[in-house]
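# Structural features, examined
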Amino acid sequence: MAQCLQSVQEFIQDSFVPMVAVLCSEDAERQTRKNHLGFSELVRPFCRLTSEVHMRDPNNQIHFIKNLKINVNNIVTQSPQPGAIRKLLSDVVSASQPAEGLTTNVITAGDYDLNISDRSVKASVPWYSNWKDTLMQLNTSKFHSATTPWFEAYRESFFQSMPASDHEFLNHYLACMLVVSSTEAEPMEQFLKLSNEQHRIQHSNEYSYPKWFIPNTLKYYVLLHDISEGEEQRADLVYEEMKQRYGTQGCYLLKINSRTSARGSDEQIPDPWSQYLHKSTLQNQDFYEDDPSAVICNKNSENNFITMDGLDHPLKEDGLPNSFKDSPHQLERPSDPGGHFDSTDYVTSTELVQDGKKQHMLPAHGVCLTLNDHDRIRQFIQEFTFRGLLPHIEKTIRQLNDQLGSRKGLSRSLFSATKKWFSGSKVPEKSINELKNTAGLLYPPEAPELQIRKMADLCFLVQHFDLAYSCYHTAKKDFLNDQAMLYAAGALEMAAVSAFLQPGLPRPYPAHYMDTAIQTYRDICKKHALRCYCQAMQVYKGKGWCLAEDHINFTIGRQSFTLRQLDNAVSAFRHILINDSKQPATQQGAFFREYLYVYKNVNHLSSEGPLPQLPLPYIKTSATRVFFGHDRRPAEGEKQAATHVSLDQEYDRESSQQWKDLEEQVVAVVNKGTLPANFQPTQYCLNSQTDNSRFPLSVVQEPITVEVTFKNPLKVPLLLTDLSLLWKFHPKDFTAGKNGAAKEPISNEKDAHLKAMFGTEVIGTEVMPEFIMTNEETKVGPTGYIWPMVCYLYYLKTGKVLSNGMSVRGRQDLEIQGPRLNNTKEEKTSVQYGADHRLDPIITPSMPLLEVYFINFPTGLLCGEIRKTYVEFMNVSKCPLTGLKVVSKHPEFFTFGSSTAALTPLTPTASENCSAYKTVVTESTSACSALTSSVSPVDFGVDSENPPGVIDIPLPDSVLLPGGSIQLPMWLRGPDEEGVHEINFLFYYESNEKHSQMRHRVLRHTAVICTSRSLNVRATVCRSNALEDEGKGGNMLVFVDIENINTNEAGVREFHIVQVSSSSKHWKLQKCINPSEDKDSKLSSRERGKLCFKSTRCINTEATSLSSEKYTFADIVLGNEQIISATTPCADFFFRSLSASESKKVLTQPSTSQAKAPSDGSVRLVQKCSEVDLNIIVLWKAYVVEDNKQLILEGQLHVALQTIGREACSFFQKQESQEMVLLKFFRPEHPPLPTKPSTEQLSHLIKSSLHYPESINHPFQQKSLCFVPVMLILANCSQTEVDVIIDLRHKTTSPEALEIHGSFAWLGQTQYKLQLKGQEVHKLHLKACFVHTGVYNLGTPRVFAKLADQVTLFETSLQNSMPALIIINSI
């Protein structure tokens, strides 16, 4: 990028400085040539004053001037040749190039980077041809670079190459230096000749170039004395004569060339001229003599044509090419043709290299000058400025000011007459539009308006910006009154610059002046204005100046259209419409109509090409959604269609992950526990939140719906018609594999080509006839259906946009950017985006298509309620359907029956109230007795190897033919927890034919069930004290507490407990031992009941007759019918609930770091004595009143008893959230020790009971001692040998116990040591002795037990059991 060393103020002041011409005699020029310099080149490095100067303004106030610089040039009577300009600018740029590898396409101006591309400067002022040549030379040269370090040098040379114009005087010559050598024979005569020559050049009509500021040009006489060869005394005499004739302030003696010999190698004299030489070539008159590329007329040529700079331009004898007769720096005339530069040649890179080498071969400059000579030249410039130039400028300003002062006193009529008198040759044109052009109005040199402009320019050159602003402002009014728009634009422009440069900013910057000037230039110089507006657009772009951007784009569009640059015009108007416009509706409508008008012209010129891009409406590409598949068929009557997926559903990330997990679960089951490597989750609706990194799959002859979100940013309504999708189709044969021949892609842009190849349309595209968008509306519109074979969707064609009867046809591209990548280190440190393939589906061969309908599916259930419904499966495709499965996270909610037909009941017709269960009418003899049967969980789809959530759906012959349908029963059970439940069903199915792309399909359904409270069942189990069944494995008592917690929410009046069943591998209910005679237990709201059952261990032969994995179901009927619990649906829901509860236990168990310490074998044996695996199933009926009709509901609740003495509940209790505590981390220093059995567990190791008479009548008066036989029965509850110690010496010492129970003594052996085998029962005969009557507690023996192979004894809790009371009476 260009590094601009000057500020804006410094750049402007150095660009507009007083101009001084030079005329030298031959001898004077010869003396300066000793230093390889001309006179103007000799003094140029010293033309900036090093001290502050001052002058007086018209008000006699001192005005100070800082850093004044003058510009000294040789007089050139011809405008610079275009070829020379190109050569100069090319050399300037080439000499300022950095290292190779960068591109010169950007210019830095202040804080802005201006792009100098061919598009942005294509329309420019007439000298653009030269500029373009230079840029093209750079593009084709090896000096092409990425920055613009050449910009400042190029800019300065470009301004210096601009010729003087007639409507401003800033670069007109104010003075002329006449330089004569002191060695002339007659120096004074030579001064006279040069003075006459200057007068002839300025005042004769022979020369139109250069331009002079005022008729009375300052002439400054310089006597040049060469010290090395001239006589200093003679030079002094001539100088004295000059002072007498021209005055001391009008002449000067300059002595140079103090060095006579060549410069030594050890001398270091600075060379200040090298940086100025490449800038002075164009201004020097000898440019055409010494430079090898100068124009030289070949008089011997037959046609008097020459070549210039290696460019084949025919030149006439005057040295001007035919194509550049006019100055290349003049402003554009209305008749000038514009925009065609094809005939312009370019300088090759080889020529630039050669020119660069020539510059390095030039000799040293100032070889005859010493540092004293440098000081003399610097002093000469200061004397010329102090004594000659500034007094002349001050005098001229006073004269012009006096003229203006006298002019202000005249009346308007007299002043108007004076203007007509002095401007007699001023002939305005008739057309006002032409008056605004450059040729519309020309002022004579003595016109008062020009005198004001001259005074303004003089004040500007000497930095009197306040007075300059006033003069420019006055001149502007006169020019505007005369409709001299070019003059007015120049005055406005300089007025704005003067205000900008005023120190302290006494007045605000008149931006409107600059705007008016730019507008005028725009109207007159359309190409130049267009280029400036393109550069201004880069400055304003992205800065928040939206209204300014709209104005600039509108002007660029208008100017481009006028210059027939239609593509640029469309682009500019497009930017107005696509930006967030703040314009009112009327202005937006005007912009829109302009765009439509230009757009139609462009479209008319290229009607056969592709449709152009439309800027409206906006398309939110990221919001584009793509839906694959048919719309679901509407349900009829009592049928409810599966919800599946539709565009009406909002995307939920959590729900999507749940569906993905379900699909992975069922696919893993189908593939024997592993997911295939190419598994791709099914996605029916793709959006910005889905994973679009893979190509989606769609099935042939199934629709694809694309939903596009439009936004109308304007306050003008839009009507879109004939909307359709453009697609591109790539045929491919999947059966051929990778070796299949590739086919040419086709598209629907040419319908005739489509039909010629396939006979019928490969893809049917829906056309939306009309789509209306109101003001600033965001609207979602599905754009149609596609019936593809293999297709890629690319574009969206938005038909026609209409506004006030104007319409155009075009297209808009759907280009969706993928997600930002942020996985690898490289992606995190850079900005990379992944692929988004939602519009690139792969179309697979035909697949089956399943429709599912639910018949009489309930929306509300009681907790545990069983309801029978039906599901209809329909294959609506042309392919057979097989492998139908369903997977759900809640398998305990539903069942399709067991795999064994005998266990699945048919539709009941004879049973009571058409129960959903399989029922049998009971006999009176079976009341309160258990009816048993054994089944395996595998028969009901519960397998330890496969997840319980994947269920096979039984189909006839496992196939559903095309067009076929089947209705299957499905049983539902209300969840145990009240509330609203969402149950997700995922139906999985396959095709008979295996495809590489799509191997299966899925159908989704979400059921919403609201459950109400029903019953709460709590149960406990304890060991029975009765030992009559100990030899058969023991018995237990089961207490079932049932509470009606329903509050008539669903119109339930009462619940009837009709049956209690058990299911276990080891235990079963035997009978109900309730004393109540009413078998059918009824519970109204908030009533509770308690049932007691006796359970026994299953007989070994019964438990292992078929399989050790079978469960024994025992039914205790409390009503009139037996519900066979070992069949569908009772057994299904039991096994599924059991599996679900085990899964919940796994989830709620503590992590491994908090797990219990491992137990040794002995402890485990003790623990097993208190464990029990018994599941209670409570079946109930509820009577409901609905619509004045009584309905009977039925259901079942499950209670899993795991530990003796620990209560279990019918539903999984939620753990209350604990208060937030600090998280503590610790690491145990030693491995955990084995856990000891608890006291409760030890009490179940040995079961003991005392058998004795309840009361004894003894004659104590006859016999003082009463002996009572007591039998102590000991039962080993474990499966291994146990050592038992019985201690009868223990006596109760508690005063309370003695007060209640009397004291007695055990006679005989008081301590026993026994060894009991597993499950062994031993009877020990004891004898108790009593001495008087009373109530006694016989439960005093202490029983200690230990495993046979262990050392530690465990005391059983015999004394903690119920007291063994005996009554001793006296007779």
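Residues numbered from 1 in each chain as written. Predicted model: local features only at pLDDT ≥ 70, side-chain atom pairs only at ≥ 80, totals over all residues. Heavy atoms only, no water.

### Comments concerning the overall build of the chain
- In terms of regular secondary structure, the chain is built from 30 helices and 58 strands.
- Per-residue burial for the chain yields a buried fraction of 49% across its 1371 residues.
- When contacts within the chain are restricted to residue pairs at least 6 apart in sequence, those whose partners lie at least 24 apart make up 77%.
- For the chain, the accessible area works out to roughly 68,300 Å², and carbon and sulfur atoms hold 51% of it. (Helix = DSSP H or I, 4+ residues; strand = E, 2+ residues; numbered from the N terminus. Buried < 20%, exposed > 50% of the residue type's maximum accessible area, 1.4 Å probe, protein only. Contact = heavy atoms within 4.5 Å. Areas by Shrake-Rupley, 256 points an atom, 1.4 Å probe, with all protein chains shown as cover.)

### Here we look at the sheet that holds strand β52 (residues 1305–1307)
- Taken in spatial order, the four strands make up an open sheet running β48-β50-β54-β52, and their pairing is antiparallel. The sheet is open, and its two edges are formed by β48 (1246–1251) and β52, each paired on a single side. Averaged over all pairs of adjacent strands, the angle between their axes in this sheet comes to 35 degrees, without regard to strand direction.
- As defined by bridge partners, β52 adjoins strand β54 (residues 1321–1330) across three bridges and the pair is classed as antiparallel. In the strand pairing of β54, Ala1305 is matched with Cys1329. (Pairing = 2+ DSSP bridges. Axes fitted to C-alpha atoms, helices over the stretch in contact; angles between N-to-C directions.)

### Re the sheet that holds strand β7 (residues 173–181)
- If you walk across this open sheet you meet the five strands as β4-β1-β7-β8-β9, and the pairing is parallel. With partners counted over all chains shown, the strands left at the sheet margins are β4 (71–74) and β9 (251–256), one partner each. In this sheet, neighbouring strand axes are inclined to one another by 30 degrees on average, regardless of whether the strands run parallel or antiparallel.
- Two elements, β7 and strand β8 (residues 218–226), share seven bridges in a ladder whose sense is parallel. Within the sheet, the bridge partner assigned to Val180 lies in β8 and is Leu223.

### Describing helix α20 (residues 546–562)
- With 17 residues, α20 ought to run about 24 Å at 1.5 Å a step, and its terminal C-alpha atoms sit 24 Å apart, in line with that.
- Within the span of α20, buried status applies to Glu549, Asp550, Ile552, Asn553, Phe554, Thr555, Ile556, Gly557, Gln559, Ser560 and Phe561.
- Among the residues trailing α20, Arg564 stands out with phi positive, at a value near 65 degrees. (Expected span 1.5 Å × (residues − 1).)

### Overview of the confidence of the model for the chain
- Overall, the predicted model of the chain reaches an average pLDDT of 76, with 72% of residues at or above 70.
- This model gives residues 1101–1106 a pLDDT under 50, and the stretch forms seven contacts once residues within four places in sequence are excluded. (pLDDT = per-residue confidence, 0-100.)

### Some words on the nonpolar core
- Among the nonpolar cores identified, the biggest contains 79 residues, and Phe39, Met177, Leu254, Phe380, Phe384 and Phe460 are the most heavily contacted of them.
- With eleven residues, helix α17 (residues 485–501) is the single largest residue contributor to this core. (Core = buried A, V, L, I, M, F, W, Y, C linked by side-chain atoms within 4.5 Å.)

### Here's the deal with the pattern of salt bridges
- What the rule picks out here adds up to 31 salt bridges.
- Residue Arg376 is joined to Asp373 by a salt bridge in which the shortest nitrogen-to-oxygen separation is 2.4 Å. Here Arg376 pairs with Asp373, and both are found in helix α12 (residues 371–408), just three residues apart, close to one helical turn.
- Accessibility expressed as a relative area gives 30% for Arg376, which makes it partly exposed.
- Here Arg558 makes a salt bridge to Glu594, at a shortest N to O gap of 2.7 Å. Placement of Arg558 in helix α20 and of Glu594 in helix α22 (residues 585–605) is noted, with a sequence separation of 36 residues between them.
- Each of Arg30, Lys34, Asp226 and Glu229 takes part in one network of salt bridges that share partners. (Salt bridge = Lys/Arg side-chain N within 4 Å of Asp/Glu carboxyl O.)

### So, unusual backbone geometry
- With omega at 5 degrees, the peptide bond leading from Tyr209 into Pro210 counts as cis.
- One can find Pro210 in the loop between α7 (187–203) and β8.
- With omega at 5 degrees, the peptide bond leading from Thr1128 into Pro1129 counts as cis.
- The topology assignment puts Pro1129 in the loop between β44 (1121–1123) and α27 (1130–1148).
- Even without a glycine there, the phi angle at His36 is positive, about 60 degrees.
- Looking at the secondary structure, you find His36 in the loop between α2 (26–33) and α3 (39–43).
- In this structure, Asp957 is a non-glycine residue whose phi angle is positive, near 60 degrees.
- Looking at the secondary structure, you find Asp957 in the loop between β32 (950–952) and β33 (959–960).
- Assessed through its relative accessible area of 75%, Asp957 is described here as exposed.

### Describing the environment of Leu1314
- Within the secondary structure, Leu1314 sits in strand β53 (residues 1311–1316).
- Under the relative-accessibility criterion, Leu1314 is labelled buried at 18%.
- Along the primary structure Leu1314 and Asp1283 are separated by 31 residues, whereas in three dimensions their C-alpha atoms are 5.9 Å apart.

### Brief notes about the packing of aromatic side chains
- This model, assessed by the stated rule, comprises 40 aromatic pairs.
- Ring plane angle 45 degrees and centroid distance 5.2 Å describe the contact between Tyr252 and Phe380, whose orientation is recorded as tilted. Remark: Phe380 occurs in helix α12 and Tyr252 occurs in strand β9; sequence separation between them is 128 residues.
- By relative accessible area, which is 0% here, Phe380 ends up buried.
- Relative to Phe985, the ring of Phe854 has its centre 6.2 Å away and its plane inclined at 45 degrees; by these criteria the two rings are tilted. Taken together, the residues span a long stretch of sequence, with Phe854 in strand β25 (residues 850–855) and Phe985 in strand β35 (residues 979–991) at a distance of 131 residues. (Phe/Tyr/Trp six-rings, centres within 6.5 Å; stacked < 30°, edge-to-face > 60°.)

### Structural notes on the pairing of strand β38 (residues 1035–1044)
- Taking burial as the measure, the ten residues of β38 include eight buried ones, the bulk of the element.
- Looking at chain direction, strand β37 (residues 1015–1023) and β38 are connected through nine bridges and run antiparallel. Paired with Val1021 across the bridge in β38 is Val1038.

### Some details on the packing of helix α15 (residues 448–461) against helix α16 (residues 465–481)
- Packing of α15 against α16 leaves a shortest axis separation of 8 Å and a crossing angle of 155 degrees. In this view, α15 runs roughly antiparallel relative to α16, as classed from their interaxial angle. Viewed along their axes, α15 and α16 form a crossing whose handedness is left-handed. Facing Glu449, Ile452, Arg453, Met455, Ala456, Asp457, Cys459 and Phe460 of α15, the residues of α16 in contact are Phe465, Leu467, Ala468, Cys471, Tyr472, Thr474, Ala475, Asp478 and Phe479. (Parallel < 35°, antiparallel > 145°, perpendicular 65-115°, else oblique. Left-handed = near helix turned anticlockwise from the far one by under 90°.)

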